[in-house]
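Residue-level structural notes
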Amino acid sequence: MAYLLRHGKNLLKFKSVIIFFNVLMLLFLGVIYIMPLVILGKDLSLQFWHSGWFLAPLIIGALIFIDIYFGLNYRVYTLLEKEDWPALVQELENKVLQKSQYNSRLVKLLINSYLVLSDVQSVTGLEKKLAIAKKSLLDENALSFCSARILHKDFQGAIEFLEQRCSGEAKVKGGQAEWLRWYYGFAQLLSRRFEGAADAFVLLAKHGRESIPAGLSAYFLNETLSAFLPLRSGNLKEEASAAKERVKKSLPNRNNWDRELKRMDTEVYATVLQAYTGKAGDYLYRT
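Here's what I pulled together on the structure shown here.

How each quantity is defined
- Residues numbered from 1 in each chain as written.
- Predicted model: local features only at pLDDT ≥ 70, side-chain atom pairs only at ≥ 80, totals over all residues.
- Heavy atoms only, no water.
- Helix = DSSP H or I, 4+ residues; strand = E, 2+ residues; numbered from the N terminus.
- Buried < 20%, exposed > 50% of the residue type's maximum accessible area, 1.4 Å probe, protein only.
- Axes fitted to C-alpha atoms, helices over the stretch in contact; angles between N-to-C directions.
- Left-handed = near helix turned anticlockwise from the far one by under 90°.
- Contact = heavy atoms within 4.5 Å.
- Nonpolar A, V, L, I, M, F, W, Y, C, P; charged D, E, K, R; others polar.
- Phe/Tyr/Trp six-rings, centres within 6.5 Å; stacked < 30°, edge-to-face > 60°.
- Core = buried A, V, L, I, M, F, W, Y, C linked by side-chain atoms within 4.5 Å.
- Patch = residues over 30% accessible without salt bridge, like charges linked within 9 Å, V, L, I, M, F, W, Y side chains within 5 Å.
- Areas by Shrake-Rupley, 256 points an atom, 1.4 Å probe, with all protein chains shown as cover.
- Salt bridge = Lys/Arg side-chain N within 4 Å of Asp/Glu carboxyl O.

Structurally, Gly30 is set in helix 2 (residues 11-40). Given a relative accessible area of 24%, Gly30 falls into the partly exposed group. Sequence separation between Gly30 and Ala56 is 26 residues; the distance between their C-alpha atoms is 9.8 Å.

Written as structure tokens, this is what we have:
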């Protein structure tokens, strides 16, 4: 997955940043506590140190916190750098499932690692554990879980998973909520439930605040659903056209569209979209 590969390639950069940050902060401490002695003299320096003594423990405390965090996760970063997915999964399972370190970063990384190995059964198992142990993380990573179902052609499972979240029963954040509604329509389209897909996409085309799902909805309404629903064809094309103009107010040209997509390419749910985002861009920006 792009998220994992990019994360792994950036590991050496991350190590360098940690080392550079440590050196920089130590130099900063040296400057603020030694330079006054050189510039102001001993007496004024003592007054300066007396008033600014608290800076040293704050900076040292921040350094210790960052270094401990990196140290505790060193093996995860090392395995990610090596792209050793089986060992990475084992390490993450130990942290998340055995030691109950349920946090968003580790859970997301574990889901993506399972998907790299095409281990959808383990994704499902993790979902069940989160439903019991920490449901907030299940909702927070709902896009990854529904994407896993779609990637493995479990469209009915995706629909059932998304129904609860699109009905407002689960706590999902604003931008993610729109994407979940889009995937709900997409899963219905893949299941050939064209009426339900059209209803979901029309809602996003009319009212969606996120440009990419609104643009994708317009594309499918115009290019696909209008053909499968001939009695609604005229209305669907009108909704698509209106959404197209609305998206172009937010993203005036193709470069804006592509740049917005680039921001998503570290997300697992973007993998599902790769076959369609280019075509949707062609539809939105063709003359």
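Picking up where we left off.
With that settled, consider the packing of helix 6 (residues 85-98) against helix 7 (residues 104-116). Two quantities define a packed helix pair, namely the angle between the helix axes and the distance between the axes. Axis separation between helix 6 and helix 7 bottoms out at 9 Å; the angle between their running directions is 145 degrees. Crossing hand, helix 6 versus helix 7: left-handed. Contacts between helix 6 and helix 7 involve Trp85, Leu88, Val89, Leu92, Glu93, Lys95, Val96 and Leu97 on the former and, on the latter, Leu106, Val107, Leu109, Leu110, Ser113, Tyr114 and Val116. A per-class count over the contact of helix 6 with helix 7 returns twelve nonpolar, one polar and two charged.

The next thing to look at is the packing of aromatic side chains. For the coordinates displayed, the defined rule picks out 17 aromatic pairs. Ring plane angle 80 degrees and centroid distance 6.4 Å describe the contact between Tyr183 and Phe186, whose orientation is recorded as edge-to-face. Taken together, the residues Tyr183 and Phe186, both in helix 12 (residues 174-190) and three residues apart, mark about one turn of the helix. The exposure class of Tyr183 is buried, given its relative accessible area of 0%. Note on Phe186 and Phe220: the rings are 5.9 Å apart at their centroids and 45 degrees apart in plane angle, and the pair reads as tilted.

Turning next to the nonpolar core. Judged by nonpolar contacts, the single largest core of 74 residues is most densely connected at Leu126, Trp179, Trp182, Tyr183, Phe186, Leu225 and Trp257. The leading source of residues in this core is helix 17 (residues 268-285), at nine residues. Listed in part, the seven residues of the second largest apolar core include Leu29, Tyr33, Ile59 and Leu63.

It is worth spelling out a nonpolar patch on the surface at this point. A cluster of nonpolar residues, Ile60, Ile64, Ile68 and Leu72, forms a patch on the protein surface that exposes about 380 Å² of accessible area. Residue placement: Leu72 occurs in helix 4 (residues 55-72). Here Leu72 falls in the exposed class, since its relative accessible area comes to 58%.

The backbone of Glu83 sits at a positive phi, close to 60 degrees, despite the residue not being glycine. Structurally, Glu83 is set in the loop between helix 5 (74-82) and helix 6. Here Ser118, not a glycine, exhibits a phi torsion of approximately 55 degrees, which is positive. Inspection of the secondary structure assignment puts Ser118 in the loop between helix 7 and helix 8 (120-133). We classify Ser118 as exposed; its relative accessible area is 52%.

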